[in-house]
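# Chains, contacts and geometry: an overview
Chain by chain, the residues:
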Amino acid sequence: MKPEGMNAEIVYPLDHLIPEIVSDDNMYESFDYVIDHLENGHQKEIYRPLREKIVAMLQDEISRGVFRILPSDVRQIHVTDGPKERDVQAPRVIKRVGCHAIMVIVEKYTYPTLIKNTGASIKGRGMHWQHHLIEEDLRNVPLMMQYYYQNDIEHFYDNISQERMKELIREFISDALLLPILDSFITLLPQGLSKGLRSSQCFANLYLSVVDHVMCEHVLKYEHEGECRYLYDRYCDDVVMWHYDKKELWKLGDLYVKEVAKLGLSVKESEAVRPISEGLDHLGYVHYGDHSLLRKRTKKNTARKLAKVKSRKRRQQIIGSFKGMAYHADCIHLYYILTGQHMKKFSEMGVVYTPADGKKRFPGKTMRMSALQNKVIEIHDYETGIKTEHSKGDDDRYLVSFRDVQTKEWGKFFTASEEMKSILDQISDIEDGFPFETTLVSEVFDGNKVKYKFT
């Protein structure tokens, strides 16, 4: 039986994943990713010359199904994150590379089964992505989101049942060599999941996925641009649901509590239903419906650090980190007060975020070039190597980001025109080439074919 919510194009459970895991491309990319993200520069210098040897060793261990992460392979670290304190497990670098390589493939086949409105530890769907998803819903259907229900789970990672987690993984994967490896990730601690392994993030998302699918059958929903949008958001174990009726929200909350109880979990007593006008503290921001601000703790911590710091370099690091949070909210004045610098509003800046896959994400709707014909637009940026349903073979397309000069609205369009692609490449080599103003015009050729060009 196929687990609820699974991708219809994939037949579960999956077997023979080991060859894909140990492929040269996956192993070397995983090695480079882990080494590049080491904070200790000396460690990077030690491991990079051993790249071939480490990859070969891991390929052998994973291929034979003997790769494991055991308690002796990790360091226990006590960390403080705001008001929260926790113990995390830091694996040895080589074990980290192996775990990363395995989970890249496991996530490739399991993450398509998750609902869209969950973003924790998913490439391209991080905290800021989900923050803007909520803002977009609040703009689209404010009357449906007058109240919110919010909760999180009591000691979530600590209370995940290892046996239930193993059973769940076996609904997705049947590879006899891979399963004992994944089991070693699950049972690293005497109970619950490790807070340091890359695998735990994926496992935790899958653990709550069944609850997500149940809740999406009951929460409010609406259609936007041909897509069904659910007024239910989960980031790790933090859940927010929306409604115009407080009583209905409490009913949804009761249903959620019952569903997580089936997994051996319990919701904290701090669960609450409040009007959005009082502010939703979520993902580091406080949403008020028509605007959002930074969490008070973030503002205070930044102010304290800037008051104490003497190093100019360190000050710029603090300002850069603060700006990384502030430009995703309505904090232009706050930014100036704390830093003495002026900052453009996020919505005025166009592209500011490059996800881990290296591809740019542009604001606005995707439009056909025919709808832009004879309009004056500003071309701000572009991304190369885009595959669409219309791409043929190596026929990569460019995704172009623009702003309508008259309406000031952002948008984007695809182009396979070699002429347009060449012009964009040339302009990118010109200092201050972007943005530039142009008008798209059409030209008929070969009897009935139409192409578009910049003028």
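Conventions used here
Residues numbered from 1 in each chain as written. Predicted model: local features only at pLDDT ≥ 70, side-chain atom pairs only at ≥ 80, totals over all residues. Heavy atoms only, no water. Salt bridge = Lys/Arg side-chain N within 4 Å of Asp/Glu carboxyl O. Helix = DSSP H or I, 4+ residues; strand = E, 2+ residues; numbered from the N terminus. Buried < 20%, exposed > 50% of the residue type's maximum accessible area, 1.4 Å probe, protein only. Pairing = 2+ DSSP bridges. Axes fitted to C-alpha atoms, helices over the stretch in contact; angles between N-to-C directions. Contact = heavy atoms within 4.5 Å. Arc of directions from axis to C-beta. Parallel < 35°, antiparallel > 145°, perpendicular 65-115°, else oblique. Left-handed = near helix turned anticlockwise from the far one by under 90°.

### Structural notes on the pattern of salt bridges
Counted according to the given criterion, the structure contains 25 salt bridges. Between Asp183 and Arg170 there is a salt bridge, and its shortest N-O distance comes to 2.6 Å. One end of the pair, Asp183, is in helix H8 (residues 178–186); the other, Arg170, is in helix H7 (residues 162–172), with 13 residues separating them in the sequence. By relative accessible area, Asp183 is classed as buried at 14%. Two residues, Lys262 and Glu259, come together in a salt bridge whose shortest N-O distance is 3.1 Å.

### Comments concerning the sheet that holds strand E6 (residues 232–235)
Spatial ordering of the open sheet is given by E6-E7-E3-E8, a layout of four strands whose pairing is antiparallel. Strand pairing shows two members of the sheet lacking a second neighbour, E6 and strand E8 (272–275), which therefore form its edges. On average, adjacent strands in this sheet sit at an angle of 20 degrees to one another, irrespective of strand direction. Looking at chain direction, strand E3 (residues 147–151) and strand E7 (residues 238–243) are connected through five bridges and run antiparallel. Pairing of Gln150 across the sheet is with Val240, part of E7. The strands touched by helix H9 (residues 198–215) within the sheet are E6 and E7, with E6 carrying the most contacts at an inclination of about 175 degrees.

### Some points on the sheet that holds strand E17 (residues 449–454)
One open sheet accounts for six strands, arranged E12-E15-E14-E13-E16-E17; its pairing is mixed. This sheet does not close on itself; its edge strands, each paired only once, are strand E12 (365–366) and E17. Against the sheet, helix H15 (residues 418–428) touches strand E13 (376–386), strand E14 (397–404), strand E15 (410–415), strand E16 (436–445) and E17, its axis set at about 15 degrees to E17.

### A closer look at the environment of Pro19
Looking at the secondary structure, you find Pro19 in helix H1 (residues 18–21). With 44 residues separating them along the chain, Pro19 and Ser63 place their C-alpha atoms 7.4 Å apart.

### Quick notes on H7
For H7, every residue scored as buried is listed here: Gln162, Met165, Lys166, Leu168, Ile169 and Phe172. One face of H7 carries all of its buried residues, which in axial projection span an arc of 165 degrees. Buried residues along H7 sit against helix H5 (93–110), H8 and H9.

### Regarding the packing of H5 against H8
Relative to each other, H5 and H8 sit at 115 degrees, their axes nearing to 12 Å. Taken together, the axes of H5 and H8 are roughly perpendicular relative to one another. Relative to H8, H5 is oriented so that their crossing is left-handed. The segment H5 lies against H8, with Cys99, Ile102, Met103 and Val106 engaging Leu178, Ile181, Leu182 and Phe185.

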